[in-house]
Structure formats: C-alpha cells, structure tokens
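Report on the structure
The residues making up each chain are set out below.
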Amino acid sequence: MPQRKPLLIQTILAVAACKATRGALRLARRGGTALPGKAAMLFARNVLETTSAGMEIVVVTGTNGKTTTSRMIENAFVRSGRKCLANKSGANLLSGVTAEITANATWLGKPKTRYAVIECDEGALKQVVPLIRPKVIVVTNLFRDQLDRYGEVMHTLDAIRTGIRLTPESVLCLNADCSLTASLAQDVPNPVTYYGLDVATGDQSERTVSDARHCIRCGAVYRYHYHTYAHLGGFYCPDCGYCRPEPEVAVTQIVRMSPQGSTVRMALTESAGQMAAREETGADTKPAVREIESVIGLPAVYNIYNAAASMAACRVFGLAEGDILGALREVHSCFGRMETFDLNGVAVQMILVKNPAGCNQALAYLAELEEPFTAVFCLNDRTADGHDISWIWDADYEQICEKDGLARIYVAGDRAEDMQLRLKYAGAQQEQICMEKDYSKLVARMRESSTPVFILPNYTSMLALRQVLGEACGKKEFWRG
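Here's what I pulled together on the structure shown here.

**Some remarks on the sheet that holds strand β4 (residues 136–139)**
Pairing is mixed in the open sheet, where 9 strands are placed in the order β2-β3-β1-β4-β5-β6-β9-β10-β11. In this open sheet, the two edge strands, each paired with only one partner strand, are β2 (84–86) and β11 (289–296). Sheet twist, expressed as the average angle between the axes of neighbouring strands with direction ignored, equals 20°. Where strand β5 (residues 171–175) meets strand β6 (residues 192–197), 4 bridges bridge the pair, whose relative direction is parallel. Among the inter-strand pairings, Asn175 is bridged to a residue of β6, identified as Tyr195. Contacts between helix α6 (residues 125–132) and the sheet are confined to β1 (56–61) and β4, with β1 contributing the most and set at about 170° to the helix.

**A look at the nonpolar core**
Met266, Phe377, Tyr397 and Leu423 are the most contacted members of the largest nonpolar core, which totals 120 residues. Looking at this core element by element, the count peaks at 11 residues for helix α11 (residues 301–316). Contact partners of Tyr397, with chain neighbours within four places excluded, come to Cys359, Leu363, Phe377, Trp391, Ile392, Met419, Arg422, Leu423 and Ala426. Leu343, Leu442, Val443 and Val453 belong to the second largest nonpolar core, which has 20 residues in total.

**Focus on the sheet that holds strand β14 (residues 373–378)**
Taking strand neighbours across the sheet as the criterion, the 6 strands line up as β12-β13-β17-β14-β15-β16 in an open arrangement whose pairing is mixed. Across the chains shown, the open sheet's two edge strands, defined by having one partner strand only, are β12 (337–343) and β16 (433–435). Along the sheet, successive strands turn relative to each other by an average axial angle of 20°, direction set aside. Across the sheet, helix α16 (residues 439–447) lies against β12, β13 (346–351), β14, β15 (406–412), β16 and β17 (453–457), angled at about 170° from β15, the strand it touches most.

**Considering the environment of Tyr439**
With respect to the helices and strands, Tyr439 occurs in helix α16. Tyr439 gets classed as buried once you look at its relative accessible area, which sits at 14%. Placed 27 residues apart in sequence, Tyr439 and Ala412 show a C-alpha to C-alpha distance of 7.9 Å. Those residues in contact with Tyr439 that sit more than four places away from it in its chain are Cys378, Asn380, Ala412, Gly413, Ser461, Ala464, Leu465 and Val468.

**Brief notes about the pattern of salt bridges**
All chains considered together, the criterion is met by 22 salt bridges. Residue Glu74 pairs with Arg71 through a salt bridge whose shortest N-O separation is 2.8 Å. Within this pair, Glu74 and its partner Arg71 are both found in helix α4 (residues 66–79), separated by 3 residues, close to a single helical turn. Among the residues examined, Arg71 registers a relative accessible area of 9% and is labelled buried. Overlapping salt bridges bring together Glu56, Arg114 and Lys135 as one network.

**Some points on the pairing of strand β7 (residues 223–227)**
Looking down a regular strand, the side chains alternate between one sheet face and the other. Bridge count for β7 against strand β8 (residues 233–236) is 3 bridges, and the pairing is antiparallel. Considered in β8, the bridge of Arg223 is made with Tyr236.

**Considering the packing of α11 against helix α12 (residues 321–330)**
Between α11 and α12, the least distance of the axes is 10 Å, while the angle of their chain directions is 155°. As summarised for this structure, α11 and α12 are arranged roughly antiparallel, according to the angle between their axes. For the element pair α11 and α12, the recorded crossing hand is right-handed. Here Ala307, Ser310, Met311, Cys314 and Arg315 of α11 lie close against α12, whose contacting residues are Ile324, Leu325 and Leu328.

**A few points about the packing of aromatic side chains**
Going through the model one piece at a time under the given rule, you end up with 12 aromatic pairs. Ring centres 5.3 Å apart and planes at 40° place the aromatic pair Phe77 and Tyr115 in the tilted group. Placement of Phe77 in helix α4 and of Tyr115 in strand β3 (residues 115–119) is noted, with a sequence separation of 38 residues between them. The pair formed by Phe77 and Tyr115 is uniform in burial state, with each residue classed as buried. Pairing Phe373 with Phe454 gives two aromatic rings, centres 5.8 Å apart and planes at 90°, and the pair type is edge-to-face. Here the residue Phe373 occupies a position in strand β14, and Phe454 occupies one in strand β17, the gap between them amounting to 81 residues.

Here is what the cut-offs are and how they apply
- Residues numbered from 1 in each chain as written.
- Predicted model: local features only at pLDDT ≥ 70, side-chain atom pairs only at ≥ 80, totals over all residues.
- Heavy atoms only, no water.
- Pairing = 2+ DSSP bridges.
- Helix = DSSP H or I, 4+ residues; strand = E, 2+ residues; numbered from the N terminus.
- Axes fitted to C-alpha atoms, helices over the stretch in contact; angles between N-to-C directions.
- Contact = heavy atoms within 4.5 Å.
- Core = buried A, V, L, I, M, F, W, Y, C linked by side-chain atoms within 4.5 Å.
- Buried < 20%, exposed > 50% of the residue type's maximum accessible area, 1.4 Å probe, protein only.
- Salt bridge = Lys/Arg side-chain N within 4 Å of Asp/Glu carboxyl O.
- Parallel < 35°, antiparallel > 145°, perpendicular 65-115°, else oblique.
- Left-handed = near helix turned anticlockwise from the far one by under 90°.
- Phe/Tyr/Trp six-rings, centres within 6.5 Å; stacked < 30°, edge-to-face > 60°.

Here it is, written out as structure tokens:
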C-alpha cells in the first residue's frame, strides 16, 4: 500500500534537518552524503517524493558503469544549457538520493532544479523510483557482485525488475548485449530503447568469466555470433530463439583505442517520435539509420558501452547530438574510476574493481600497455565491499602477472594477504610483491616509482587510499565531485 505524502510541516522539518546535517558535516570536512537523508526521513519518510516532484530524472543502475555513465549524461545536460542535479559522491541508496535531492530543494520542499541524473544501487531501485518517477531508467549490465549482499545475479535481476514494474511510464534504456539486462523488457509496458556493440572486442577463452551461460527463458546454453567481454555480445538461444535485440544505438566500428580514449562509429536509428513525425508527411515508414563518429574521452571497452548508454538516454530527452558528442569527448574520470593523479611527476591512475567481470576489463587494459608499469592491488572485505572475496579467484590476474612490463606489485588493504596469495598463483614472483597496509607509506613508495602506477582497489579501500593520495596531490574531497 502506498504511503501518504508528508504534510507541509513534516516536509519543512525534513528539509531543515537535511540541510542542517549536511552543513554541519561539511564544516567538519566530512562528506555528508547519506546521513542528511536519514535525518530528513526521520521527519518525513517519503520526503523524496515531495522534493523531486515535477523533476525530469534519469536513473542509472546496473552492476558496473553507473557512475561514469551518470557523469556522461550529466555533462550532456550541462552542455545543452540545462542545469542538472546529480549525486556525484556515489551515495546511491535511498538515504543518499534523498540527501542529494532534498538538500537542493527550497525550505518548502520545492525542487530548485528541473533535471537530475541519479545513480542508483540495484537493490535500492525499488525504493527510489516509485518516489522520484524517473523519465528514463538506464540499466548498464548485470554481473555477479557482492554475493553475501545480493546473492546470485538472478536476485539482482529480480530486484531491478521489481523497481521497473513500479514505474511503467519510465523509458528503459537497456544493454542489448547483456542477456540478463535485455530480458527486463519482457512483460512490462514501459517504452524500451536498446544500445550495444555490433562488433567483437575479445575472445572467449576458457578463463573468461560468464555469469549468464544459460538461456533465461529455457535454460539452454547460449551461443554467440561474437563476444565483447564476459557474457556480453551477440547472444542467441538455439532452442527457444531468445536473442540479442537490435539496438537503436549501435557501435558498428571501433576505429581507435588507446590509454587516452577511443574513437568509434555509431549507427543511430530514429526514435518512434521521429518516425511518427515523418509518417505524417507521407514519407517512408521504415526507420532511418544514420552513422556518426564519436570520440570517447576515457579508455577501455566498458567505457564504450557507457558512452552508448549515455547516447541512448540523452536522445530520449531530445538533447542536441552535438552536445551529446561533446560530452562524450570531454568526459573526465570520476573519483576512483580511471581517475588520474600527478604524484610529484609520477603518473598514477586509479581504477575501481569490485567483481570478476569488471576486474578482468581493468586487467586487460593494463595488459595492453606498451610501457613498463607498477601495479597496486587493494582489497577490503567490509560491508560496502561484500564480505565474500572469493571473486578474486575468478579474475584473470594471470594476464598481467605473465607480462614482462610489470615492474613492481604492491598489495594493501584488510585482505592484502589474500591478494598476495592470489597473485602468487597467477605467476607473480615473491620478490616482485611488496605488502604495505599503511596508505601513507604506500603513497610514499608510489612517489618513488620510476614507472607509471596503476591502482586497482575495491570500494572501501578506494575511498581510504584516495583520501590519502588526494591530499598528497592537492585534489578535492570526493564528495565535492
């Protein structure tokens, strides 16, 4: 049963609590990303419904790529001249979303901003979307992640499907290459637009991780016309016929890939609205397809997917193509996601990893580097990470441990010993690995490196190390975006 909207006095008290709590935390140089939302909800549980009323919102969810995709979409809105609210800090549960939107409302709870791009945790989607009624829901992909929190990937899929069913008016932007994500279009009335890659980007070796080998409809083993990575690609079921849908935003060619970014060609199929307008003139009713070239300012295949997802979402809002392409070209790394630091002349890049599929893509990126480099692996097992760290045994660390250009390895974090053992089994030499759990000392060691440094941390270790590294490099706090 839906809960009633808060009374005006409750809304005023909730907004005041949110603003006051955030202000106090910021004065104390703390982020204030979730606690202000919790304070607001003490006075009005559903204050978010009031403070988001009338806004046009994009929600981005999925296992990997939420933060980067959100920043790409936000940048496109800004370039188009539309002021846009976003939860840049990554606080993506109900309390974090409530804090961000409520803190930016008037004292009476009226939103100050028309547009918002909200990153949302997969498990929290069913709590958030009924309150904010998003115009668009983007689902990036689904991989095994935090097994002790979510369970198997099908539980995550069901949680997202539940959220979608609560907002039948939301346009779904779904990854056509992910058999799990694409299945979210089944049995829902929502308008759907797909995005994906029409080209292969990797092989399907025995070490490749797949979290969706079997058809979601009949259980048969999928076959593929081509693969991109993990279980993504041109899948089809030989038994029941379930297959990859044709995307309206399709990457047809990867022209160039480098550590600085990618250049791709995209085929854009006109929207239903554009088709309808053309039909009124008596023109051909077949959807028109155009090809464009896009430069993506971040490297790796998964950022090509993020760019395609962003293009699909922005087209729903009717943003100018030039603004979208400009946003993709000028996108910068978000905190911990391909974020770069200059540590007294030493180039340092931080790449968040939290599950086998994402980790393998980061490792593949390092394996393709032509210059020698130093690798830092940080592993915690705290609640926000998931207490089960067995996923590191499914990640393909062998692809860099067998690489001649790997100069040095550092391991850190609460479970550094486990990471060290995993790297030894992957082929790293004992003398090549150095354990350093003190982040200040670790940063000092990185400062002395004669090669570029690449840090692969999971979530809480990323936050802790980034704070120390950011202070050493003069970077602002993560919650300032």
